[in-house]
Structure formats: structure tokens, C-alpha cells
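Structural features, examined
Below are the chains, spelled out letter by letter.
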Amino acid sequence: MTGATQADRRSSGTGGVVGVVPLGDVGGVAVRIVAANVQAVLGLATDILEPRPLPESAYLADRHQFDASRIVAHMAAWTDLPGHRRIVGLASVDLCVPILRFVFGEAQIGGRFALVSGARLRRNADGGEAPLDRYYERLVKVALHELGHTLEIYHCDTPGCLMQFSPSVQHLDRLDVLFCPRCFFVLRRAVRALVQAPDA
């Protein structure tokens, strides 16, 4: 996993293909690590953008969680980030969707926006706190997985592939920070098309 320092070069830039947007109260180190690893693994210039608030309309009081789909829909209405072809929102609140008790992230398949939350990634299955390096690795895996969905890569059954569906942190820990050959082929083709596409 790539360290935080690589992202510092672009911490206030606006020339990247991917933008990472902190949503609400998110640690700066986590944001930089995600941005650095997106840039290193996908080979796409990545900027850290100005923080934005979480939409209050996405909070579900009965579940004490935020609806991930509503946050992504809120992000999709942003009109002031035309230069970035993919946007990753990074949050620290507990996420769910109507049919699942919780999710680590959400994305538009083949779309522009993805969402990742570290809320459930700091704890192990036994309730104990994971070391920071394990937490950051999990965060990077979820971010790359969700970005993969925006590049039209679907869930994969290949053991260890980053595009496997992860229902738990234990499963997430068994994945590599790598794509299987098939998903990597689709990824390379999608990244090439993304970079070569005319400006919107």
C-alpha cells in the first residue's frame, strides 16, 4: 500500500482525473492515503478536494445510519466539479442501503460517483480495534473496489480479487490490493478510455 506522502503533491490541485472529497469529519491522513493509492494503483492523477457536508436528508433516524444511495444521489447533483471524471466521497459515518444492514461503500455502476466510509473498518469482528495500518488498508481496498464499479467492473468470484463482494471485515482482509487478470484487463481498458475521452 502506498504511503500518504504521494498525495501531498496534489492536495489542493484541480488537474486530476479523480477527485477525493472528504464528507463530514474525516481524518486528513486517511484522505491522503486513499488519494495516493488510487493514483498509484489505477494510474490516474488524483486530487484531494475541499471538504463538503453530508446531506442531512440521507440520515435515517430509525436506523441511526446514513443511506448510502441517497448520499451518492446527492453527490451526482454537484455541478461545480467538471474537471474530475470520477469523484470518491470519503466519510466516517455508518452506511446502509434499504436491503442491507450496512455497507462499506456504494457506487454508480459505470457512473462518475463513488462513496466510501471507514465507520465499520476500524473494528475487527471480535469488537477489538484494528491497528491503523490495517484500517487504512481496508479503506483503500473499499475505495478501489467502488471506483472499479464506476469503471463498469462488476463483482468477481475469483479468490483474492479486489472486486469480490465483501460482507465483513474478515472477508475484506482476505483480499489483495490487486485485481484478478480478468478484472485488471477490463480496468486497463476502462482507464485508457477515461483518460482519452474528450472533456465534458
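Cut-off values and rules
Residues numbered from 1 in each chain as written. Predicted model: local features only at pLDDT ≥ 70, side-chain atom pairs only at ≥ 80, totals over all residues. Heavy atoms only, no water. Pairing = 2+ DSSP bridges. Helix = DSSP H or I, 4+ residues; strand = E, 2+ residues; numbered from the N terminus. Axes fitted to C-alpha atoms, helices over the stretch in contact; angles between N-to-C directions. Contact = heavy atoms within 4.5 Å. Salt bridge = Lys/Arg side-chain N within 4 Å of Asp/Glu carboxyl O. Buried < 20%, exposed > 50% of the residue type's maximum accessible area, 1.4 Å probe, protein only. Expected span 1.5 Å × (residues − 1). Right-handed = clockwise from strand over helix to strand, strands pointing away.

1. What to know about the sheet that holds strand E9 (residues 113-117)
- Ordered by their spatial adjacency, five strands build an open sheet running E2-E1-E5-E9-E8, and the pairing between neighbours is mixed. On the outer flanks of this sheet lie strand E2 (46-48) and strand E8 (105-107), each paired with one strand and no other. For this sheet, the mean angle separating the axes of adjacent strands, direction not counted, is 15°.
- Helix H3 (residues 68-76) contacts strand E5 (86-91), E8 and E9 of the sheet and is inclined by roughly 135° relative to E9.

2. Some words on the pattern of salt bridges
- Evaluated as defined, the whole model comprises seven salt bridges.
- Put simply, Asp80 and Arg52 hold a salt bridge, and the shortest N to O gap is 2.8 Å. With Asp80 in the loop between H3 and E5 and Arg52 in the loop between E2 and strand E3 (59-60), this residue pair connects regions lying 28 residues apart in the sequence.
- Across the salt bridge formed by Arg138 and Asp173, the nearest N and O atoms sit 2.8 Å from each other.

3. A closer look at the pairing of E9
- The element E9 is largely enclosed, with a buried count of five among its five residues.
- In E9, alternate side chains face the same way, and those of Phe113, Leu115 and Ser117 on one face and Ala114 and Val116 on the other are all buried.
- Taken together, the five bridges between E5 and E9 define a ladder with parallel strand orientation. Across the sheet, the residue bridging to Leu90 is Val116, located in E9.
- Where E8 lies against E9, three bridges are found, and the strand directions are antiparallel. Within the sheet, the bridge partner assigned to Ala107 lies in E9 and is Ala114.
- Counting the residues between successive antiparallel strands, the hairpin from E8 to E9 contains five residues, one of them, Gly110, with a positive phi of roughly 70°.

4. Some thoughts on helix H4 (residues 132-150)
- The end-to-end C-alpha separation of H4 is 27 Å, in line with the 27 Å expected for 19 residues at 1.5 Å each.
- Here H4 lies mainly inside the structure; 15 of its 19 residues are buried.
- Of the residues trailing H4, Glu152 is marked for its positive phi of about 65°.

5. With respect to the environment of Ile99
- On the secondary structure map, Ile99 appears in the loop between strand E6 (95-97) and strand E7 (100-103).
- Residue Ile99 is classed as exposed on the basis of its relative accessible area of 77%.
- Linking Ile99 and Leu162, residues 63 residues apart in sequence, is a C-alpha distance of 23 Å.

6. As for the pairing of strand E1 (residues 18-22)
- Of all five residues in E1, five are buried, a share of seventy percent or more.
- Taking every second residue as pointing to the same face, both faces of E1 are buried, with Val18, Val20 and Pro22 on one and Gly19 and Val21 on the other.
- Bridge count for E1 against E2 is three bridges, and the pairing is parallel. Opposite Val18, over in E2, you have Thr46 as the bridge partner.
- Assessed by its sense of winding, the connection that carries the chain from E1 through helix H2 (residues 28-42) to E2 is right-handed.
- Of the pairings in the sheet, the one linking E1 to E5 comprises five bridges and is parallel in character. Among the inter-strand pairings, Val18 is bridged to a residue of E5, identified as Arg86.

Shape is all these values report; function is a separate question.
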